[in-house]
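Letter by letter, the chains look like this.
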Amino acid sequence: MCGIVGYIGDKRAQDILLSGLKRLEYRGYDSAGICILEDNDIKVIKSKGNLEVLIKKVDDQTFGSQGIGHTRWATHGKPSDENSHPHLSNSGQFCLVHNGIIENYNEIKTDLTEKGFDFKSETDSEVIVNLFEYLNDGDLLSTAKKVTEKLEGSYAIGVVNKENKDEFLVVRKDSPLVVGVGEGENFIASDIPAILEYTKKIYILDDDEMALISRGDVKIFDGNGKRIIKEIREINWSLESAEKQGYEHFMLKEINEQPEAIRKTLAGRIKNGLINLNLDMSEEYVKSINKIAVVACGTANYAGRVVGHLIEDKLRIPVLISYASEFRYNNPIIDQNTLTIVISQSGETADTLAGLREAKSRGSKIVAITNVVESSVAREADYVIYTQAGPEIAVASTKAYSTQIAALFMLLMELGYKRGSLDESTVKHWVTELIGIPEKMQIILENSELIKKYAEQIKDSTSLFFIGRGVDSVSCLEGALKLKEISYIHAEAYPAGELKHGTLALITDDVPVIAVATNKSLMDKIISNIEEVKTRGAVTYGVAFEDEIKLKDEVDYFMPIPRVDEALAPLLAVLPLQLLAYYTSVVKGNDVDKPRNLAKSVTVE
Ligand code: AGP
């Protein structure tokens, strides 16, 4: 959840580092810094605060053509100038940036202190740069090997050696790192958008791999220091797709990208009206599955819950839904007949990755649903279904959520059809409905003015409730999370039938209650729940199909969605909730794309 960049070439490094960090700010932004190698000296400029603070501090001070940079989301040591990266070794010979957590840093720090090293920061990262100094044998690569042998934990590291102005070194383990290949210049970054402006050719480093980056070459080595040849990947994302494209915020752009993102996620996966995910999952294995586990965090977890409901309902396979942070500590009942679905937009969430490894260790096959090609989750799974959402920059996940549901729904259909629990006509019907989703999403997006008005109405609330039944209660979980994380208003999702067992005590005059109601068979039930809260003074909002007149007449404010097969309703019901959260955050003047305390990818436990 930090962002690192690096450059070596013939241009002024500070310009490239700062523009790269700008595109990585979503990974963490409580402090930032750069180091530039210039005239055989290392200049470090860093500060607490977001990138704007650093840019003011840098202000044309350096002209060197090699350097590294970092934007931070604190894990060890509060946000401060001293704790910001890059970090210099005691003698000033080495300078380093790090994304990850060194779990044994205390022991290393104690050992180095006894050897005469002193430390200027509270960070775990500073022990790494002093290890480079302590173990330096004159060769950057062999020194790095000795250093990493001492480290336990996760790291993506960039390190510059003052005495070697022709190359710098990177190494990765459990934290993402890509190398950008240019003409007479080369780049490194935690994520692709940071270097896309300069090159579309990248190497994706695997765990324990290192690279020596010089102006004309990228030498990659495996964990044993052996030179390896990797395939260069051509990235088809245009830079614009990682930019705002005229929207005020990345989040609004990404909410509006959902129709196209769904189309791209479906593309190439529907043949003759049936699903073909090309998973290479044998029919024999598919029939052997007697349990499905879903392991994910936050919004990704809710996407899994939506389809988990359906899998149990339609495929009659028991589904174990787990928050990834809990999963590996619950002694889960998982074996070779369990298919574990791991969902992660970034593919780098530490808890989710740990859950994947836990399930694998118990014999389960893993299918990953992720948005990032070659992400750690993708590389460690047995099967991968990529959502084609394109880069999701806003911390609050939107298009990743809807494309995850679409991908999961396709997986459900393929499994169901192969197992004989879904017949051809059912699958073809759902496929037709799925293909129609983008157009129906567009209708909702084009009628968002109403939602803006509702945001004005709820903006000063201190607490809101989202209520629903069945799979609608999952849409409520996602709606509440969206609202909390960007408007900072407390919101709670509650199964509507459960309110009367305590929480109803919190419903008083003017408390907003948002009901999601797309299940025909439960409509009368949810309407009586709305009645319950109204008699206690609540102001009620309803998300339902546009032709649900009874529900519309029951609530104070209505948010209609176009009719679709109920199985797919969560794909539409979430849009008004995303927009409500977005406009509420805007009207409160919050930093919509980078909300306080949060980071886009939580790569620590
Ligand atoms: C959702 O808006 C949040 N940003 C957060 O809950 C996120 O979904 C969660 O951290 C999982 O991230 P991932 O999909 O990258 O694993």
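As a reminder, the structure under discussion sits directly above these lines.
Residues numbered from 1 in each chain as written. Predicted model: local features only at pLDDT ≥ 70, side-chain atom pairs only at ≥ 80, totals over all residues. Heavy atoms only, no water.

**Student:** What should I look at first to understand the overall build of the chain in this one?
**Tutor:** When you go through the chain residue by residue, the secondary structure sums to 20 helices and 27 strands. Computed over the C-alpha atoms, the radius of gyration of the chain is 25 Å, within 12% of the 25 Å expected from 2.2 N^0.38 for a compact globule of 605 residues. Referenced to the eigenvectors of the C-alpha coordinate spread, the extents of the chain come out at roughly 75 × 55 × 45 Å. Here the chain holds 605 residues, and 62% of them are scored as buried. Restricting to contacts in the chain with at least 6 residues of sequence separation, those with at least 24 account for 71%. Within the structure as shown, the chain displays about 22,400 Å² of accessible surface, and the carbon and sulfur contribution to it stands at 48%. Positive and negative charge centroids in the chain, built from 70 and 91 side chains respectively, lie 1 Å apart. (Helix = DSSP H or I, 4+ residues; strand = E, 2+ residues; numbered from the N terminus. Rg over C-alpha atoms; globule rule 2.2 N^0.38 Å. Buried < 20%, exposed > 50% of the residue type's maximum accessible area, 1.4 Å probe, protein only. Contact = heavy atoms within 4.5 Å. Areas by Shrake-Rupley, 256 points an atom, 1.4 Å probe, with all protein chains shown as cover. Lys, Arg positive; Asp, Glu negative; His and termini not counted. Charge placed at Lys NZ, Arg CZ, Asp CG, Glu CD.)

**Student:** I keep staring at the sheet that holds strand S27 (residues 557-561) and nothing clicks. Help me out?
**Tutor:** Each strand in a sheet pairs with another by means of backbone hydrogen bonds, the pair being arranged parallel or else antiparallel. The parallel open sheet is built from five strands, whose spatial order is S24-S23-S25-S26-S27. Strand pairing shows two members of the sheet lacking a second neighbour, strand S24 (490-495) and S27, which therefore form its edges. Geometrically, the sheet is characterised by an average inter-axis angle of 20° between neighbouring strands, direction not taken into account. Direction of pairing for strand S23 (residues 463-468) relative to S24: parallel, over a ladder of six bridges. Note on S24: the bridge partner recorded for Phe466 is Ala493. In the packing of helix H18 (residues 523-534) onto the sheet, the strands contacted are S23, strand S25 (512-517) and strand S26 (539-545), and the crossing angle to S25 comes to about 175°. Packed on one face of the sheet, helix H20 (residues 569-587) meets S23, S25, S26 and S27 and runs near 135° to S27. (Pairing = 2+ DSSP bridges. Axes fitted to C-alpha atoms, helices over the stretch in contact; angles between N-to-C directions.)

**Student:** What am I meant to see in the site of the ligand here?
**Tutor:** With respect to spatial proximity, 14 residues lie near the ligand, and among them Ser344, Gln345, Thr349, Val395 and Glu485 are the closest. The contact in question runs from an oxygen atom of the ligand to an N or O atom on the side chain of Ser344, over 2.7 Å. Contacts to the ligand include Lys482, whose side-chain N or O atom sits 2.9 Å from an oxygen atom. In isolation the ligand exposes 400 Å². Once the protein is present, 91% of that is buried. For the shell around the ligand, the secondary structure elements donating two or more residues are helix H9 (298-315) and helix H17 (472-487). A class-by-class count of the residues in the shell around the ligand yields five nonpolar, seven polar and two charged. (Near = heavy atom within 4 Å. Polar contact = N/O pair within 3.5 Å; in protein donor to acceptor, adjacent residues only side chain to side chain. Nonpolar A, V, L, I, M, F, W, Y, C, P; charged D, E, K, R; others polar.)

**Student:** What is the right way to look at the packing of aromatic side chains in this model?
**Tutor:** In this description, an aromatic ring pair is defined by two values, namely the gap between the centres and the angle between the planes. Within this structure, the stated rule accounts for ten aromatic pairs. Taking 5.3 Å as the distance between ring centres and 45° as the angle between the ring planes, the aromatic pair formed by Tyr7 and Phe187 counts as tilted. With Tyr7 in strand S1 (residues 3-8) and Phe187 in strand S10 (residues 186-189), this residue pair connects regions lying 180 residues apart in the sequence. With respect to class, Tyr7 is no different from Phe187; both count as buried. Three or more aromatic residues joined by ring pairs form one cluster here, namely Tyr7, Phe187 and Tyr198. Against the face of Tyr488 rests Arg596, its NZ or CZ located 3.8 Å from the ring centre. (Phe/Tyr/Trp six-rings, centres within 6.5 Å; stacked < 30°, edge-to-face > 60°. Lys NZ or Arg CZ within 6 Å of the ring centre and 35° of its normal.)

**Student:** What's the story with unusual backbone geometry in this structure? I'm lost.
**Tutor:** Trans peptide bonds make up the majority, and among non-glycine residues the majority have a negative phi. Residue Pro86 is bonded to the preceding His85 through a cis peptide linkage, with omega at 0°. Following the sequence through the fold, Pro86 ends up in the loop between strand S4 (66-72) and strand S5 (87-88). Positive phi, normally seen in glycine, also occurs at Tyr488, with a value near 65°. The topology assignment puts Tyr488 in the loop between H17 and S24.

**Student:** What should I look at first to understand the nonpolar core in this one?
**Tutor:** For soluble globular proteins, the rule of thumb is that nonpolar side chains tend to be buried together. Ile292, Ile341 and Leu434 are the most contacted members of the largest nonpolar core, which has 94 residues in total. Ranked by residue count, the leading element in this core is H20, at twelve residues. Ile292 has contacts with Ile311, Ile317, Pro318, Val319, Leu320, Thr338, Leu339, Ile341 and Leu415, leaving out every residue within four places of it along the chain. (Core = buried A, V, L, I, M, F, W, Y, C linked by side-chain atoms within 4.5 Å.)

**Student:** Is there a simple way to think about the sheet that holds strand S18 (residues 291-296) in this case?
**Tutor:** Strand order in the open sheet made by the five strands is S19-S18-S20-S21-S22, with parallel pairing throughout. At either margin of the open sheet sits one strand with a lone partner, and together these are strand S19 (319-323) and strand S22 (383-386). Averaged over all pairs of adjacent strands, the angle between strand axes in this sheet comes to 20°, irrespective of strand direction. Summarising the sheet, S18 and strand S20 (residues 338-344) pair through five bridges and their orientation is parallel. The residue of S20 that forms the bridge with Val295 is Val342. Those strands touched by helix H13 (residues 399-419) are S18, S20, strand S21 (365-370) and S22, and its axis lies near 165° from that of S20.

**Student:** Looking at this model, I keep getting lost on the pattern of salt bridges. Mind explaining?
**Tutor:** Note that side chains of opposite charge can pair when their charged atoms are close. Scanning all chains against the criterion turns up 38 salt bridges. For Glu149, the salt bridge is made with Lys145, and the minimal N-O distance between the two is 2.8 Å. Taken together, the residues span about one helical turn, with Glu149 and Lys145 both in helix H5 (residues 140-150) at a distance of four residues. Where Asp206 meets Lys230, a salt bridge forms, and the shortest distance between an N and an O atom there is 2.6 Å. Taken together, the residues span a long stretch of sequence, with Asp206 in the loop between strand S11 (201-204) and strand S12 (210-214) and Lys230 in the loop between strand S14 (227-228) and strand S15 (233-234) at a distance of 24 residues. Overall, Asp206 belongs to the partly exposed group, its relative accessible area being 21%. Since its relative accessible area comes to 19%, Lys230 is described here as buried. Taken together, the shared-partner salt bridges connect Lys173, Asp174, Arg357 and Glu380 into one network. (Salt bridge = Lys/Arg side-chain N within 4 Å of Asp/Glu carboxyl O.)

**Student:** I tried to follow the side chain of Glu532 on my own but got confused; where do I start?
**Tutor:** By the secondary structure assignment, Glu532 is in helix H18. The side chain of Glu532 sits in the buried core without any salt bridge; Lys500 is the nearest counter-charge, 4.9 Å away. If we skip the residues at most four places from it in the chain, Glu532 touches Lys500 and Leu504.

**Student:** What is the right way to read helix H1 (residues 13-22) from this model?
**Tutor:** Quick reminder: α-helices carry 3.6 residues per turn. Residues three or four places apart thus point the same way. Of all ten residues that make up H1, eight are buried, and the element is covered over most of its length. Ala13, Gln14, Ile16, Leu17, Leu18, Ser19, Gly20 and Leu21 are the residues of H1 that are buried.

**Student:** Whenever I open this one, the environment of Val539 confuses me. Can you help?
**Tutor:** For Val539, the position within the fold is in strand S26. In this structure, the C-alpha to C-alpha distance between Val539 and Ile507, residues 32 residues apart in sequence, is 9.7 Å. Filtering out sequence-adjacent residues up to four positions away, Val539 remains in contact with Asp510, Val511, Pro512, Val513, Asp556 and Tyr557.

**Student:** Can you walk me through the packing of helix H3 (residues 105-114) against helix H4 (residues 125-135) in this structure?
**Tutor:** If you want to describe how two helices pack, look at the angle between their axes and the distance between the axes. In contact at an axis separation of 10 Å, H3 and H4 are set at 45° when each is read in the N-to-C sense. Judged by the angle between their axes, H3 and H4 are oblique. H4 is crossed by H3, and the crossing has left-handed handedness. Judged by residue contacts, Tyr105, Ile108, Lys109 and Leu112 of H3 engage Val127, Asn130, Leu131 and Tyr134 from H4. Tallied by class, the residues present in the contact of H3 with H4 amount to six nonpolar, one polar and one charged. (Parallel < 35°, antiparallel > 145°, perpendicular 65-115°, else oblique. Left-handed = near helix turned anticlockwise from the far one by under 90°.)

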